Structure formats: structure tokens, C-alpha cells
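Spelled out, the chains give:
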Amino acid sequence: MNVLKMKSINLLIKLITIVNAVSCVYSSNRKVLILENDWKFKSENIQQAPAVDFDDSLWEIVSIPHDWAIRKPFDLNQDMQWVQVKEDGEKEPKLRTGRTGALPIFGIGWYRKSIDVPKSDSDKKIFVEFDGAMSQAKVYFNGDFVGEWPYGYSSFSFELTKYIKPGQKNVLAVRLENKPESSRWYSGAGIYRNVRLLTLSPIHVAHWGTYITTPQITAKKGTVLVQTKVQNQSDYKDKIEVVTEIVTENRQLVATAKTSKVIVGESELSQTLEIKNPVLWDINSPIRYFSITKIYAGKLLVDSYETPFGFRTLFFDNNKGFFLNGKNIKLKGVCLHHDLGPLGAAVNYRATERQLEIMKEMGCNAIRTSHNPPSPELLELCDKMGFVVMVESFDEWRNGKNLNGYHRFFDKWAENDMVAMIHRDRNHPSVIMWSIGNEIREQDEVDGKKVAQFLVDICHREDPTRPTTAGFDKPIGALKNGLTDVVDLVGFNYKPFIYTIVHADNPNYKIYGSETASTLSSRGVYKLPVKENKNPWYDDYQTSSYDLNYAPWASTPETEFEKQDDCEFIMGEFVWTGFDYLGEPTPYNEGTPAKSSYFGAVDLAGLKKDRFFLYQSRWSSEPVLHLLPHWNWEGKEGDTIPVFCYTNYPKVELIVNGKSMGIKAKSNSGKYERYRLMWNDVIYQPGEIKAVAYDINGKIAATQNIKTAGKPAKIKLTPDRTIITADGKDLSFVTVEITDKDGNLCPHAQRLLFFKTDGVGNLKALCNGNPIDHTSFSSNYMHVFNGKLVAIVASTKKSGVVKLMVGGDKLIANEIIINTK
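Basis of the calculations
- Residues numbered from 1 in each chain as written.
- Predicted model: local features only at pLDDT ≥ 70, side-chain atom pairs only at ≥ 80, totals over all residues.
- Heavy atoms only, no water.
- Buried < 20%, exposed > 50% of the residue type's maximum accessible area, 1.4 Å probe, protein only.
- Helix = DSSP H or I, 4+ residues; strand = E, 2+ residues; numbered from the N terminus.
- Contact = heavy atoms within 4.5 Å.
- Pairing = 2+ DSSP bridges.
- Axes fitted to C-alpha atoms, helices over the stretch in contact; angles between N-to-C directions.
- Polar contact = N/O pair within 3.5 Å; in protein donor to acceptor, adjacent residues only side chain to side chain.
- pLDDT = per-residue confidence, 0-100.
- Phe/Tyr/Trp six-rings, centres within 6.5 Å; stacked < 30°, edge-to-face > 60°.
- Parallel < 35°, antiparallel > 145°, perpendicular 65-115°, else oblique.
- Left-handed = near helix turned anticlockwise from the far one by under 90°.
- Nonpolar A, V, L, I, M, F, W, Y, C, P; charged D, E, K, R; others polar.

1. A word on helix α10 (residues 610-619)
Moving on, step 1. With nine of 10 residues buried, α10 is to be regarded as a mostly interior element.
Moving on, step 2. Those residues of α10 that sit buried are D610, R611, F612, F613, L614, Y615, Q616, S617 and W619.

2. Some words on the environment of I164
Moving on, step 1. Structurally, I164 can be placed in the loop between β10 (156-159) and β11 (169-178).
Moving on, step 2. Judged by relative accessible area, which is 13%, I164 ranks as buried.
Moving on, step 3. Taking the C-alpha atoms as reference points, I164 and I115, 49 residues apart in sequence, are found 9.7 Å from one another.
Moving on, step 4. The contacts of I164, once residues within four sequence positions are left out, are V117, I126, F141, N142 and N170.

3. Concerning the sheet that holds strand β12 (residues 195-200)
Strand pairing within a sheet occurs via backbone hydrogen bonds; the two strands may be parallel or antiparallel.
Moving on, step 1. Spatially, β1-β12-β7-β10 is the arrangement adopted by the four strands of the open sheet, whose pairing is antiparallel. Each edge of the open sheet carries a strand with a single partner, namely β1 (31-34) and β10. On average, adjacent strands in this sheet sit at an angle of 20° to one another, irrespective of strand direction.

4. Let's talk about the pairing of strand β16 (residues 253-262)
Moving on, step 1. Pairing between strand β15 (residues 239-247) and β16: nine bridges, direction antiparallel. Residue pairing for β16: E241 is matched across the bridge by S260.
Moving on, step 2. Once β15 ends, the chain turns through five residues before running back antiparallel as β16, passing R251 with a positive phi of about 70°.

5. Describing the side chain of R350
Moving on, step 1. Here R350 lies in helix α2 (residues 349-362).
Moving on, step 2. At 2.9 Å, the side chain of R350 and the side chain of E353 are in polar contact.
Moving on, step 3. If we ignore the near neighbours within four places in the chain, the residues touching R350 are E357, D720, R721, D730, L731 and F733.

6. Some details on the sheet that holds strand β38 (residues 677-679)
Moving on, step 1. Spatially, the three strands line up as an open sheet ordered β34-β35-β38, and their pairing is antiparallel. A single partner strand is all that each edge strand has here, and the edge strands are β34 (625-628) and β38. In this sheet, adjacent strand axes meet at a mean angle of 15° when their direction is disregarded.
Moving on, step 2. Relative to strand β35 (residues 643-647), β34 runs antiparallel, the two sharing four bridges. Residue pairing in the sheet places L628 in a bridge with F644 of β35.
Moving on, step 3. Sitting on the sheet, α10 is in contact with β34 and β35, with an inclination near 45° to β35.

7. What about the confidence of the model for the chain?
Moving on, step 1. Per-chain confidence: the chain averages 95 in pLDDT, with 96% of residues scoring 70 or above.
Moving on, step 2. Counting interchain partners and residues more than four positions distant, the pLDDT-below-50 stretch residues 1-27 has 26 contacts.

8. Description of the packing of aromatic side chains
Moving on, step 1. This structure, assessed with the given rule, holds 41 aromatic pairs.
Moving on, step 2. Residues Y151 and Y153 carry aromatic rings whose centres are separated by 5.6 Å and whose planes lie at 70° to one another, so their mutual orientation is edge-to-face.
Moving on, step 3. You can call Y151 buried: its relative accessible area is 9%.
Moving on, step 4. Taking relative accessible area as the criterion, Y153 reaches 6% and is therefore assigned buried.
Moving on, step 5. Measuring from centroid to centroid gives 5.5 Å for Y526 and Y546, while their planes differ by 75°, and the two rings are edge-to-face. Of this pair, Y526 sits in the loop between β30 (519-520) and β31 (533-534) while Y546 sits in the loop between β31 and β32 (549-550); the two residues are 20 residues apart in sequence, bridging distant segments of the chain.
Moving on, step 6. Assessed through its relative accessible area of 12%, Y526 is described here as buried.
Moving on, step 7. On the basis of relative accessibility, which here comes to 1%, the residue Y546 falls in the buried class.
Moving on, step 8. Members of the aromatic cluster, connected to one another through ring pairs, are Y151, Y153, F394, W397, Y406, F409 and F410.

9. Things to note about the packing of α2 against helix α3 (residues 376-385)
Moving on, step 1. Axis separation between α2 and α3 bottoms out at 10 Å; the angle between their running directions is 45°. Relative to α3, α2 is oriented oblique. When you trace α2 past α3, the crossing you get is right-handed. Counted together, Y349, T352, E353, L356, E357 and K360 of α2 and E377, L378, E380, L381, C382, K384 and M385 of α3 form the full contact between these two elements.
Moving on, step 2. Per-class residue counts for the contact of α2 with α3 are six nonpolar, one polar and six charged.

Next up, the structure:
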């Protein structure tokens, strides 16, 4: 055999060996399986639950995401507390109720899920990803302890490869525990966010392994820096090729980069790409691009991973405020807790989308994820819909607010949780700042600055492109102890009166209202006399929608409006809150029936309060004309009933029973006159009130009227959508109203209604927005609250028709059809 032939044979043998190795170890792309159905659940402490052969046949079958408490009966004994409150220099015992929503979120719960792993996946690497599990998660696989993650709001991942038994029964088990006094609001309980099983080649993009920044953006060119962490968990020793493709939303390829490198273990690669004429991500035009990472071993594609991102510039100025893409923008923000009202903490894409749609309609452009990392779904929707977001990490550090709060884990887990939050969320164009904490008690401590610096350093290390911030409610301590010097942006909670003082003393500070207003109202409730009322208390445990009631630490919206308008340096505000939420029923948290908040511009059911229209008239570019109150004041004939109008029209005329009460325009004569129109001397007689809006030319532009309603007669049903997806997750929110025979809303109606569904759908929940109603959300009957409630209809996985039927209390029954496709 000649030398040339021998070399050819050796080369062929080498090539065959490489090809066999590649095809054996790297034969396919990643597989992502959402672990949604057929979980077993039990709310008990069962030591043997991780075992593969444990008998769970009598356990409840549930789907994930799952909140074990939300469908249970309300019980005010849940989290009832006796606390010592200092008043007039003396400590007095105070009863606290409803703090976490009066639902059974506390205790231990076990989840089990059987997982099939085919023998063909024996050469793969298997991981499980949790978007969130409430809380103190301990994860087991096939009886072995895999790992733990205490913070219920963090996302995390574990590798399961060494525990897997291909072709045999495999069991994933999760233990969760919520201790009493571990939260200041309704946290929910259970595996309340999505869980995924990842089957990967040994060579793959690492968990949250891409970091995309856009260091240079002009009208003609956008520079994209893609940093990719690649893991090689195999014996493959040749070069691995990383190909990054940038595509538009319609999948048009606009840039490509290729890098080859020998990778042993884990390695990070950097690639720079240029895109011509980049389209910017903006609030009004949220255009995204997608980075597709492809990993090749030899010629074989072994992994593909997609990362959405956007081109936008952020600039924060100490005198001019916030600039997005070079344009000065006021943050018109709201704080949102993570619960979805009657659906609880279990994340649902459509329910989250609906909340954001309502906020968008109000003119909101910014979300604060109070006071924890949000669901991935919320940030995806903010990217798509055009909201900027403050992602918040913690409500407490070492000095706890709750007996069993996060302070127990801070020293060991704070860095892990911060890194998890930032790595998961740093590619979202909507995210503009990282909050290291809300109203943390270390503000008043000398060492508080060190803790703040520790967290800020993590943020700057993991993502130097975004500023850090915090919500300070104790400015004297925060300023004195240097915490405000550590963060990049200084947020004050409920301190509009100090904005100008702090700015004058600290001209380099970039300041905004991180939490504002805390105005209180119950939808459709109006209290007389009409006056400002700090820390109100009424015998019916409701608050007034004249929007002049507020918490002891807070103010009406207009107090903040004035400072926002008069202080150019203020970047904007985040109102507490966009929606009512479960728990924190201020002012009725001291031994009352209240189980949910009164702070929202929208109630717990997603029905708009009058205050929604006050913010809309200030924030939205759409025309707004909203009149209040209702005009059913039986027994008040001849009495004075003030009438307010929230509008952005130049002038409005009020007509009462055909008689003009005069034309009014906003003025600087007073705080309220500046932002709302008020006719304070209207004498009540049944009939009609009518608002007539005039444009800048004095011509009639819009009208709104409210009539005195007659007796309740009919049921009106208005679905937000009549066609929903047959995926078992999609929802239609049906507004239910009690009207008189002429179709006028009956504003005092509290009638009991019954609900039934037929067809390929089911009644998911009922909610009337009444903070003191204890009817279970899972009931098929409920009283309307001031004439309204919301019924939530869920699809199944079958296409067809679902019929919702509603009746009760001798009213004319009604039904609607919702199609599922």
C-alpha cells in the first residue's frame, strides 16, 4: 500500500469517527416541553412524596400554573395578627385582618409529575426550568434531592440528566412551603408560573445564555453586541461554530455573524453585527428584532436559541427627566402587584394582556413590578405593547417587615436572586431600570448604604446598560445614610413636597415618584359630604369615588399632578396602584370584612373606577369626557349633590334636567380646579345630568349623560371578545350589568345572579370588585356590586361554541355565545 493511499485511508477513518461522534452526541435541536397537565397535588407535609413508587392516586389532578388558594373559601382567620402599634408614644395592641387576602396561602404543598424520557434521549442533557414557585421550593427527581430556591418570585433551573432513567417511569416532585406572616399582600401559593422540560444536545446555549446590547444607534446603522455562553458537556474537542442571525418581526434576515472556537466546559463568545436603518423600539411603535443563535458541531446543527430584543436609547437627566430615543417622556406609570384578581397568582397570558390593555387605554406608559420580579409573560407583553418597565427585586433586605419574610434568606440568596432576575430580563427592550428594593428598613441604618451598594454593584456588573433605583419612603434616613447617593435614579414614595428641596440640595440627583397617591375608592360609591378625607372609615367599609379619600401616608392624585407639572426635573410617577389587588385592605385592615385593596384606578374585577378617567384625562391623547356621580339619590331630593367631570376638552357645560349649570374650564385657582371640573352646588332631583364638551373653537365635540335609573329589570352581557382560542387557557371577560327596562345601569343594584356554561368552555371565575364580598371566586353565583360584575369564561382544547347563561332575582335572564377556535 503506497503512502498516499495510506494517508487517504487514515483521513477517511478520522472523518468517519468524527461524524459518528457528532451524529451520536449532537443529533438534534433543543426540545422544550411545557409541563402543564396531569400534575398531582396535595396540601400536606408528606415525607415520602418524592419517591417514584409513592401512591398519589388520591391526590388532586391539577394543571400548571396553579394557585392552590384562589378557589378556596375566604376566611378572615387566615393571617389574622395582633400587633403592637405605637400611638401617642405608647404601644397598643391592634388587630390586623385581610392582610394577605383572607385565603389559605400558608402551609405546605406537594406536586408530583410523571415524565416520559425515551431511550432515544439517553445521550441528551435534561433540564427543568421554573418561572416561579411560591415558595421555598425543594425539587426532587426520582426520589433524589436536586436543589432548592427559596424566593417565590425568582425563576430558576436545575439539570436532571444524572437522575433520568430513559424508558422508565420518571417522577418530578416539588415541595413548597409558605410560612405564616411571610408577605404583606396576597402572594398566592403553589407552582403559579410555567414549568418547562428542556432536552438539549450536550453542546448548547447555556441557561439565559445570551446577552444582547445595542451600543451604537443612528438612523443609518445599529450596532448589536451579542454575548453568548455556550456549554460543551461532551468529549467533542474540535471547534464549535456559533452563528448568530438577526431577523425582523416578519423574519427577514438583516445580519449574520459566525465565530468558531474550541470550547471545553463553558465559554462566552462576543459577536458584533451591524444593521442598516434600524427601526427603533418605542412606546408608540414597539418594534422588536430577534437574534437566532445556532450552534454547529462540525456540519451538524446541535442547538438553536432565539432572543427577542430592540433598538432604543435611554437617557436620564437630572434637570430634564427621562428621554427615550432622544425624546423627553414623562413616566405615566402604575404599580402592579402580580395577582390577577379572581384568578389569583396563577399566571395567565390573556388576563395579563387584558390588564395592560386597560392600562394602555388609561394612557399609562410605564409599569413598576411591585415589589418583586414579574412573570416572563408580563415583560413579553410590555415589549409587544409598548410599556417601559421598572423591574423590582425585593420588599425587604436583612431587616424584615414580616416575621417569616425574605430577610431570612437575604445573606445567602440575595445575589443569586438578583443575578437570576437580571439574566432573565436584561434583553427586554421594555426594561429601563432595576430596583434594588422598596421601602427597605435599612434606610434608617448607618450600614444601609453598604447593603445598597452591594446590590447596585451586582446590577452594574451583570448589566451596565441600565440604571439602578429604589423606592425610598424615609427620605431623611435615606439621604443621611447615603442610600440615595448609591442608586443611579432616586425614587421617592409619597413625598411630592420634598422634590424641589432635594433637587436644590442635590442637583445631580435624577428624581421621580416611585410610588404615588394611594388614593382610595370603591367603584360606584359616593360619600357625602364631599371633602378630603385622610384615612377614611365608613360603616359600610367602602370609600368614596369622588376621589378625595386617601391613606394616612398619601394624597389625592392632584397633589402629585401639581409637582409633576411644576418640576421639569421630575421624570414622572408610578401610581399606587393600577388595579386593586388581594390583601392590604387599607383603611379597613383592623378587624373588618375587607379582604382586598381600594387603591386601584380599576377594581379587582377589572372594572374601571371613576379615578381611571381622571388619570386618562391627564395622560391620554384620546378625548375624554367622564361625568360623576350616578343620578339615583332617593331620599336626597332637594339636597346638594356635587357633580364632577374628568375631561381633557377645553370647556364643559353641565345641564341638569334641561337647565344649564354653567360652562367650566380648568384653572389655576386651586389644586382641584386645575385638574377636574366641579359643580358643587347642584340640587338633586330625579331626571338627567348631561355634560356637553366644547372644542377650542367653541363647537360641541362630545356629550355624556346619566339618567336616574328605574327598577332593576334586565341583565346586560358584554364580552370583551366573542372569539377565543381553543387552547384551554384563553379567556373571555364578560361584563354583567343590571339595567332598568330602558337599559340604564342600576347603580345601587346588589342582586344575586346565577351562572351556567354549556358547550366547549367553563366558568373560570366570578368577581364583582367589592372588597368585602366573601363569595368564593369559584362559585357559580354572586351578587353584583353597584350594578356590575365580571364573569370569566375559559376555553377548553376543543373548538366549538360555549354558551354563558345568567339569571336570578326575577330579572329577565340573558345568554351569550362565545366561539372557540
